[in-house]
Each structure stands twice: as structure tokens, then as C-alpha cells.
Amino acid sequence: MSFLKDIFFPKFCLSCGKPGIYICLNCQKKLEYIKIQKCFYCKKPSLYNLTHQICLKNLSIDQIGSIFYYNDFFKKIIKNIKYRFAKEIFKELFKIINVNQINFLELYKNLENDVFIQPIPLHKNKFKDRGFNQAFIISQYLSQLLNFPVIDILERIKETKNQAEIKDRKKRYQNVRGAFKIKKDVDLNLIKNKRIILVDDVITTGFTVNEATKILKKAGVIKIYCFTLAQG
Ligand SMILES: [Zn+2]
Ligand SMILES: [Zn+2]
């Protein structure tokens, strides 16, 4: 099967066009690990990117960790993942990632039991169009690294535009406001006083994950961390 697919849909490097691979050895160097550890809100240094106590407002995120900078090369990966063979591109990417370069992973590993991984959901119409949720694929990868289970309790009830297509900050906020809710059949005792790692592909303003955080904390979740592949 995979052999036939290679004939009809030959692989090319997403950046330089080299055949046989999506992210060639040479272009792998264009992936830049984020080394600086800082608070997402004030941008000042903070271990494991934890939100400073003083920056932590009611219902805000306790930590945001991203592996790579959202540079031009990473933008190409994400763009292609949305329209092409996402699972295979991700498979290559996950093999390339050097977990020793992810400084905040230590924080997650030191969390005790009762931590869940929740992908940022797509609206059902978008899910139907695309056939998969990239945040779910990333969640499975993280679940393998950390041994925490993936849950699926959030629902996207608003058909939002792609945040990247909106330039105005205020409009970006309005775009995702009220976008999520907890699924009807979820027993809230499952998440009460528990911790959740939210997962998305890219974070820019943080409005999307913030919105999801609000809903989950209101429902009784005690800590929310956020894991993304890239940060722009
Ligand atoms: Zn290349
Ligand atoms: Zn801060």
C-alpha cells in the first residue's frame, strides 16, 4: 500500500523539493528550538515557562511551552500538514524532535498522577472537511512521551476563522471568544481538581488556548498547561 502511494504521491521535501522525504536532513537545520524560558504574559524569564504568580490572573494559563519558533520553515510544515499527508509529515517531525532540547518537559514529567492531555478541538464542519485534527495527532505524541491519557471533553461550538488570517488583535480575540464548551455527556467529577495539558499546533496571541482554559477552569480544573509545537 505504502509502495503504491509513493508512486502516485511521491514525497518531496516541503522546503527545498528534494525527493523521498518531507523534511530533508539539510532543511532539518532550519527548525529552531526555543531555548529561552519565559512567562508568556510578561515575557520575562521564568523557569519552564511558568506564568509568574503575579501574572496569573483569574482563569489564566499556568504555563505555555512550545518546542520551535514559528519561522518560515515551520510555517511551510504547518501549511502542508493541513492539506496533505499530515500523519506522515508528523511522523517524520516527531522522529526529528530531540526531546532533550525541550526544557519544560521536565515540568510535565514531575507532575504526579491525574494529568490529562486535551487537544484543542476543531469545529465539526472543519473536522469533516479535513478528516483529522492535527492537535489530536500531537496529543498522541505527547501522551507517548509522558504516559498521560488523551481526553476529548471539549467541543468547538463556534466556526472561527483561522487566527493567522486575522491581523487585528482585538478581532482575533473576538473571533475565538465563546468558541468552546465542555461536551454535554462529560462527568465533571472526572476533571475536578485535576490538571490538563492543552495541545495545539501553533500558538501566537494565546487567545485560543486562553479561551479553552477559562472554560476548563470554570468547570473545576485546577491547573492548565499548554503544549504547542511552535510559537510565533
Ligand atoms: Zn529540504
Ligand atoms: Zn510574568
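S.K.: Just checking my understanding: could you explain the packing of aromatic side chains for this structure?
M.R.: In this description, a pair of aromatic rings is defined by centroid distance and the angle of the planes. With the rule as written, the count across this model stands at 10 aromatic pairs. Aromatic side chains Tyr70 and Phe74 sit 6.5 Å apart centroid to centroid with 65° between the ring planes, which places their arrangement in the edge-to-face category. You can call Phe74 buried: its relative accessible area is 0%. Centre to centre, the rings of Tyr173 and Phe207 are 5.5 Å apart; their planes meet at 70°, and the pair counts as edge-to-face. Of this pair, Tyr173 sits in helix α7 (residues 169–176) while Phe207 sits in helix α8 (residues 207–218), and the two are 34 residues apart along the sequence. According to the relative accessible area criterion, Tyr173 is partly exposed, its value standing at 30%. One aromatic cluster is present, built from ring pairs that chain together Tyr33, Phe68, Tyr70 and Phe74. Between Lys43 and the ring centre of Phe40, over which it is positioned, the NZ or CZ distance is 4.1 Å.

S.K.: Explanation requested: the coordination of the zinc ion (ligand 2) in the structure shown.
M.R.: Under perfect tetrahedral coordination by four donors, a metal shows angles of 109.5 degrees; under perfect octahedral coordination by six donors, it shows angles of 90 or 180 degrees. In this structure, Cys39 (SG), Cys42 (SG), His52 (ND1) and Cys55 (SG) serve as the protein donors to the zinc ion (ligand 2), at separations of 2.1 to 2.4 Å. Taken together, the 4 donor atoms surrounding the zinc ion (ligand 2) define angles of 94 to 118° at the centre, an arrangement classified as tetrahedral. Between the donor residues of the zinc ion (ligand 2), the gaps in sequence give the motif C-x2-C-x9-H-x2-C.

S.K.: Help me understand the coordination of the zinc ion (ligand 1), please; the structure alone is not making it clear to me.
M.R.: Around the zinc ion (ligand 1), the protein supplies Cys13 (SG), Cys16 (SG), Cys24 (SG) and Cys27 (SG) as donor atoms, at distances of 2.3 Å. Of note is the zinc ion (ligand 1), whose 4 donor atoms meet at the metal with angles of 103 to 116° in an arrangement that counts as tetrahedral. Spacing between the donor residues of the zinc ion (ligand 1) along their common chain follows C-x2-C-x7-C-x2-C. Here Cys13 is found in the loop between α1 (2–8) and β1 (63–69), whereas its partner Cys24 is found in the loop between α1 and β1, with 11 residues between them in sequence. The pair Cys13 / Cys24 is uniform in exposure class, with both members buried.

S.K.: What is the right way to read α8 from this model?
M.R.: Side chains that are three or four residues apart share a direction in an α-helix, a result of its 3.6 residues per turn. The first and last C-alpha atoms of α8 sit 17 Å apart over 12 residues, in line with the 16 Å expected at 1.5 Å per residue. Counting buried positions over the 12 residues of α8 gives 9, a clear majority of the element. Along α8, the positions that sit buried rather than exposed are Phe207, Thr208, Val209, Asn210, Glu211, Ala212, Thr213, Leu216 and Lys217. Its buried side turned inward, α8 meets β3 (154–156), α7, β4 (180–182), β5 (195–203) and β6 (223–231). Immediately beyond the C-terminal end of α8, within one or two residues, lies Gly220, with a positive phi of roughly 110°.

S.K.: Help me understand the packing of helix α3 (residues 86–96) against helix α6 (residues 134–146), please; the structure alone is not making it clear to me.
M.R.: Axes are the key here: two packed helices are described by the angle between their axes and the distance separating the axes. Between α3 and α6, the least distance of the axes is 11 Å, while the angle of their chain directions is 35°. Taken as a pair, α3 and α6 cross one another with a handedness that is right-handed. For the pair α3 and α6, contact is made by Lys87, Phe90 and Phe94 and by Gln134, Ile137, Ile138 and Tyr141, respectively. Looking at the contact of α3 with α6 residue by residue, the classes come out as 5 nonpolar, 1 polar and 1 charged.

S.K.: Whenever I open this one, unusual backbone geometry confuses me. Can you help?
M.R.: One can expect most non-glycine residues to show negative phi and most peptide bonds to be in trans. Here Asn49, not a glycine, exhibits a phi torsion of approximately 65°, which is positive. Position of Asn49 relative to the elements: it lies in the loop between α1 and β1. Owing to a relative accessible area of 6%, Asn49 belongs among the buried residues under this scheme. With phi around 60°, Asn193 is a residue other than glycine that occupies positive phi space. Tracing the sequence through the fold places Asn193 in the loop between β4 and β5. Judged by relative accessible area, Asn193 falls into the exposed class, the value being 55%.

Rules of the game
Residues numbered from 1 in each chain as written. Chains lettered and ligands numbered in written order. Predicted model: local features only at pLDDT ≥ 70, side-chain atom pairs only at ≥ 80, totals over all residues. Heavy atoms only, no water. Phe/Tyr/Trp six-rings, centres within 6.5 Å; stacked < 30°, edge-to-face > 60°. Buried < 20%, exposed > 50% of the residue type's maximum accessible area, 1.4 Å probe, protein only. Helix = DSSP H or I, 4+ residues; strand = E, 2+ residues; numbered from the N terminus. Lys NZ or Arg CZ within 6 Å of the ring centre and 35° of its normal. Donors = N, O, S within 2.8 Å, 3.2 Å for Na, K, Ca; no water. Tetrahedral: all angles 85-135°; square planar, octahedral: opposite > 155°, others 65-115°. Expected span 1.5 Å × (residues − 1). Contact = heavy atoms within 4.5 Å. Axes fitted to C-alpha atoms, helices over the stretch in contact; angles between N-to-C directions. Left-handed = near helix turned anticlockwise from the far one by under 90°. Nonpolar A, V, L, I, M, F, W, Y, C, P; charged D, E, K, R; others polar.

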